[in-house]
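Observations on the three-dimensional arrangement
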Amino acid sequence: QVQLVESGGGLVQPGGSLRLSCAASGRIFRNVVMGWFRQAPGKEREFVTSIRWNGGSTLYADSVKGRFTISRNIAVNTMYLQMNSLKPEDTAVYYCAAGYMAVPTTTQRAFSYWGQGTQVTVSS
């Protein structure tokens, strides 16, 4: 069981930065992958990035490579998403997610646990 709570969303200007946090509770076992998805109004939820909890390997959607960085602090069971050079098209509700998988995937169904989301709005 993993419980997730996101925070850090808000309004930021284009080109600005924002850091999201995802606090996890419950036991975190090997093969846990945690990640971020986002969903804009009227759009399908899409993969953003993920990280292996124990190994630290990462995956990024092409749309955010070079701009977003995922990380985690194992000691405090918290995952972070550092978002730089934000664009209006990054505007969405960002969801923290976790799942058990041997091979990281971008598929939503592989992630069994979800936070309630935090709104990120990029606008001038």
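The structure displayed is predicted, hence computed values, not measured ones.

On a plain count of helices and strands, the protein chain comes out with zero helices and eleven strands. Each helix and strand of the protein chain, placed in order from N terminus to C terminus, yields the pattern β-β-β-β-β-β-β-β-β-β-β. Computed over its C-alpha atoms, the radius of gyration of the protein chain comes to 13 Å, within 12% of the 14 Å expected for a compact globule of 124 residues. Along the three orthogonal principal directions, the C-alpha set of the protein chain runs to about 40 × 25 × 25 Å. The buried share among the 124 residues of the protein chain stands at 40%. Counted over contacts in the protein chain with a minimum sequence separation of 6, partners at least 24 positions apart contribute 57%. Of the accessible surface of the protein chain, which amounts to about 6400 Å², a share of 46% is contributed by carbon and sulfur atoms. Taking the average location of the 12 positive side-chain charges in the protein chain and that of its 6 negative ones, the two points are 10 Å from each other.

Here the focus is the environment of Phe37. Relative to the assigned elements, Phe37 resides in strand E4 (residues 32-39). Taking C-alpha positions, Phe37 is 11 Å from Gln116, a pair spaced 79 residues apart along the chain.

Next up on the list: the nonpolar core. The biggest cluster of nonpolar side chains holds 33 residues, and the ones touching the most others in it are Met34, Trp36, Met79, Met83 and Tyr94. Counting residues per element, the ones that place at least two in this core are strand E3 (18-25), E4, strand E5 (46-52), strand E7 (68-73), strand E8 (78-83), strand E9 (92-100) and strand E11 (118-122). Among all residues touching Met79, those that are not within four sequence positions of it are Leu20, Ser21, Cys22, Met34, Gly35, Trp36, Ile51, Trp53, Ile70, Ser71, Arg72 and Cys96.

Taken as a whole, this structure holds four salt bridges when the rule is applied. Of the charged contacts in the structure, one is a salt bridge between Glu46 and Arg38, with a shortest N-O distance of 2.8 Å. Residues Asp90 and Arg67 are paired through a salt bridge, measuring 2.7 Å at the closest nitrogen-oxygen approach. On the criterion of sequence distance, the pair formed by Asp90 in the loop between E8 and E9 and Arg67 in the loop between strand E6 (58-60) and E7 is long-range, its members being 23 residues apart. Here Asp90 falls in the buried class, since its relative accessible area comes to 1%. Because the salt bridges share partners, they merge into one network encompassing Arg38, Glu46, Arg67 and Asp90.

Reading guide: rules and limits
Residues numbered from 1 in each chain as written. Predicted model: local features only at pLDDT ≥ 70, side-chain atom pairs only at ≥ 80, totals over all residues. Heavy atoms only, no water. Helix = DSSP H or I, 4+ residues; strand = E, 2+ residues; numbered from the N terminus. Rg over C-alpha atoms; globule rule 2.2 N^0.38 Å. Buried < 20%, exposed > 50% of the residue type's maximum accessible area, 1.4 Å probe, protein only. Contact = heavy atoms within 4.5 Å. Areas by Shrake-Rupley, 256 points an atom, 1.4 Å probe, with all protein chains shown as cover. Lys, Arg positive; Asp, Glu negative; His and termini not counted. Charge placed at Lys NZ, Arg CZ, Asp CG, Glu CD. Core = buried A, V, L, I, M, F, W, Y, C linked by side-chain atoms within 4.5 Å. Salt bridge = Lys/Arg side-chain N within 4 Å of Asp/Glu carboxyl O.

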